[in-house]
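Residues per chain are reported as follows:
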Amino acid sequence: MSADRQTGASRRCDVAILQVKPRKGDYQRNLAGVREVFGQLAADPPDLIVLPEAALSGYFLEGAVYDLARSASAFAADLADAWNKTGATNAVDIASGFYENDSGTYYNSAIYLEVSARGHKIVHVHRKMFLPTYGVFDEERFLSRGRKLGVFKTRFGPMALLICEDVWHSIMPTIAAIKGARCLVVPSAAPGRGVEAHDNDELESLTVWRSLLSNAASEHGVFLFYAGLTGFEGGKGMTGSSCIIDPRGKIVVQAPPLGPCILRAKIDLGEIDVARAGLPLLGDLSAALPDLLLDDELPLPRRTLDVARH
Amino acid sequence: MLPVIEPRPGIDELAPTINASVAVSWLEAFLQDELIERRAIEHAVVGLSGGVDSAVTAYLCARALGPHNVYAIRMPYRTSSPDSLTHAQLVIDALGLKSRTVDISDAVDGYLQFEPEADGRRRGNVMARMRMLVLFDQSTKLHALPVGTGNKTERLLGYFTWHADDSPPVNPLGDLFKTQVWELARYLGVPQPIVQKAPSADLEANQTDEGDLGITYARADAILSQMLLGYNDAQLAERGFGDDEIELVRSRVESTHWKRHLPTTAMLSNTAINEFYLRPVDY
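Residues numbered from 1 in each chain as written. Chains lettered and ligands numbered in written order. Predicted model: local features only at pLDDT ≥ 70, side-chain atom pairs only at ≥ 80, totals over all residues. Heavy atoms only, no water.

A. Geometry of the packing of aromatic side chains. For the structure shown, the criterion picks out 16 aromatic pairs over all chains. Among the aromatic residues, ring-to-ring pairing joins Tyr-59, Phe-60, Tyr-134 and Phe-137 of chain A into one connected group. The ring of Tyr-107 of chain A is capped by Arg-127 of chain A, whose NZ or CZ atom sits 4.0 Å from the centre of that ring. Over the aromatic face of Tyr-231 of chain B sits the side chain of Arg-239 of chain B, whose NZ or CZ is 4.0 Å from the ring centroid. (Phe/Tyr/Trp six-rings, centres within 6.5 Å; stacked < 30°, edge-to-face > 60°. Lys NZ or Arg CZ within 6 Å of the ring centre and 35° of its normal.)

B. Here's a closer look at the nonpolar core. Ranked by size, the top nonpolar core spans 66 residues in total, and within it Val-56, Val-91, Leu-184 and Val-190 of chain B carry the most contacts. Excluding residues within four positions of it along the chain, Val-56 of chain B makes contact with Leu-173, Val-181, Leu-184, Ala-185, Leu-188 and Val-190 of chain B. The next biggest cluster of nonpolar side chains, apart from the first, holds 49 residues, and it includes Val-15, Ala-176, Phe-223 and Ile-267 of chain A. (Core = buried A, V, L, I, M, F, W, Y, C linked by side-chain atoms within 4.5 Å. Buried < 20%, exposed > 50% of the residue type's maximum accessible area, 1.4 Å probe, protein only. Contact = heavy atoms within 4.5 Å.)

C. Examining the environment of Arg-248 of chain A more closely. All names here are of chain A. Counting through the fold element by element, Arg-248 comes out in the loop between strand S12 (243-245) and strand S13 (251-254). The class for Arg-248 is partly exposed, based on a relative accessible area of 41%. When sequence neighbours within four positions are dropped, the list of residues in contact with Arg-248 reads Ser-218, Glu-271, Val-274 and Ala-275. A polar side-chain atom of Arg-248 sits 2.9 Å from a polar atom in the side chain of Glu-271. (Helix = DSSP H or I, 4+ residues; strand = E, 2+ residues; numbered from the N terminus. Polar contact = N/O pair within 3.5 Å; in protein donor to acceptor, adjacent residues only side chain to side chain.)

D. Up close: the environment of Ser-188 of chain A. All names here are of chain A. Residue placement: Ser-188 occurs in strand S8 (residues 183-188). Each C-alpha atom of the pair Ser-188 and Val-115 lies 22 Å from the other, and the pair is 73 residues apart in sequence. Not counting residues within four places of it along the chain, the set of residues in contact with Ser-188 comprises Pro-52, Glu-53, Cys-164, Trp-209, Tyr-226, Ala-227, Gly-228 and Leu-229.

E. Local environment of the interface of chain B and chain A. On the chain A side, the residues contacting the 23 residues of chain B number 32 residues. Where chain B abuts chain A, roughly 2200 Å² becomes buried across the two surfaces, and 54% of that area is made up of carbon and sulfur atoms. When the shortest N-O distance is used, the salt bridge between Asp-282 of chain B and Lys-24 of chain A registers 2.7 Å. Our enumeration of links across chain B and chain A arrives at 17 residue pairs in polar contact (both at pLDDT 80 or more). With ten residues, helix H2 (residues 20-39) of chain B is the single largest residue contributor to the side of chain B that touches chain A. Grouping the constituent residues of the side of chain B that touches chain A by class yields twelve nonpolar, four polar and seven charged. (Buried area = accessible area lost by both parts, 1.4 Å probe. Salt bridge = Lys/Arg side-chain N within 4 Å of Asp/Glu carboxyl O. Nonpolar A, V, L, I, M, F, W, Y, C, P; charged D, E, K, R; others polar.)

F. Representation of the sheet that holds strand S7 (residues 159-161) of chain A in the model. Residues and elements named next belong to chain A. Taken together, six strands build an open sheet; the order of strands is S6-S7-S8-S9-S12-S13 and the sheet is mixed. Both outer strands of the open sheet, strand S6 (151-152) and S13, are each paired with one neighbouring strand and no more. Where S6 meets S7, two bridges bridge the pair, whose relative direction is antiparallel. By the bridge assignment for S7, Phe-152 is matched with Met-159. Strands in contact with helix H6 (residues 204-220) are S8, strand S9 (223-228), S12 and S13; relative to S9, the strand with the most contacts, it is inclined by about 155 degrees. (Pairing = 2+ DSSP bridges. Axes fitted to C-alpha atoms, helices over the stretch in contact; angles between N-to-C directions.)

G. A look at the pairing of strand S2 (residues 70-74) of chain B. Residues and elements named next belong to chain B. The element S2 is largely enclosed, with a buried count of five among its five residues. Side chains of S2 alternate between two faces, with Val-70, Ala-72 and Arg-74 and Tyr-71 and Ile-73 buried alike. Pairing of strand S1 (residues 43-47) with S2, which is carried by four bridges, proceeds in the parallel orientation. Bridge pairing in S2 links Gly-47 to Ile-73.

Read these as geometric descriptors, not functional statements.
Have a look at this one:
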């Protein structure tokens, strides 16, 4: 593992994305399933394991979210225990989506953990900020929204977690990148739709997703790790298609929409610097962003009174 | 003079299309998940009417479960068109399905003899509900799941018998317009006589769907697909549809919302089922 001379972060990262198909509501069975896959990975341990949104519960829970939500510490302990039971001695980082119960306030969250034989540490918990509540989606009926997009340090450099619709708002990858993120980890649960288009031999929603993710990665010169839930939930098919996208927006590896699998790639994080040197959009944005945000015509709160009104 | 290039959508372009290979793959996976993985049921029961919807459903079930795991049930009434039985048999033979013919005439007439004044609509509803009774009973006997055949067009227009055609617990075609089902039929190789004939509920002699509805499926689907996206009547008229056909379609949709829901239950508590107590169907 080579280290970056400036940041001390590892330059290479062996990423494993677990595209899982949970059984609705059966947390313990789904955890046992993940433990089994961890066992498969332990023979050749990766550096980072990423799981989808709501990975151990299923996504569409309605009121059952209150039955299945866990505290961040309990969820972290479950994942760490699952890894350590494999007997692997290597340290591993794990990111996963889960429904969080924070003393009776519920969130659609994602956690980033460092796990080793000595124990585990919660590096960051991101609470989904954009809760889809339209059409088939009803998240904000049951959940509270997160209020902050954090960028956190890992041994592979600064990262940010964005959950599903978070990444549809282009300002989210933008803010994450401006705050220093070099990798975006995106746990997701995306119900597929759209069978009319003949341009690509796939659901239309998948084409839109790929375009969004590719644009987010290439505009900011970041690696993007997308973990998609798979399997049907009451007629709504989750589109999997987990992928790793490089800082030029190219897909390094991609899973099919249907069926659980492990997606694996060894990436060179040095690609980020090369990509940014060739297309310095992030540097340009850093210079222009203050002008954009300080524009008086933007409907942003500026004084205490305005904050209260918003 | 430079040529001016601009979009000119006509009604044909507004009609729903379908990428059949994508849809078929998705629906196969849906059936496998719903029957085998979620319910641990290997077999499906499909009521084969001789029409295109049930034929496509049978083809999808055969692909998802294997033809030997699909039971085709033909349920003629004494006034049913002989073509219906013949066309259903074409599907059975083409796929190699297990099949059974249950004549519902005696069961239907057993009740209707006490209701001699029943008009065609009532008689048709009794037949449709009797067929569903047979399908559910056969599914219990065969350790199979009844698979529904209703399409999105008839669901939206309310052109079905409540708690009959719509009652099977899974339905692969319910989000596809009739014209899309025809496309799937062609892709799947459903026998030509079934794809080409005028669709009919075959509840009365010489009945056709389009005659009952007063509009062709092609026009209805084009209007419905735009209407569901949120376009109002004026916007639909701008797209080239006639006021009468817009009114016909909208009035059918808006008068049949109740048919697309479970029965209305009086709410008396903070734990009313499906109002406060909310759990997904697969929980």
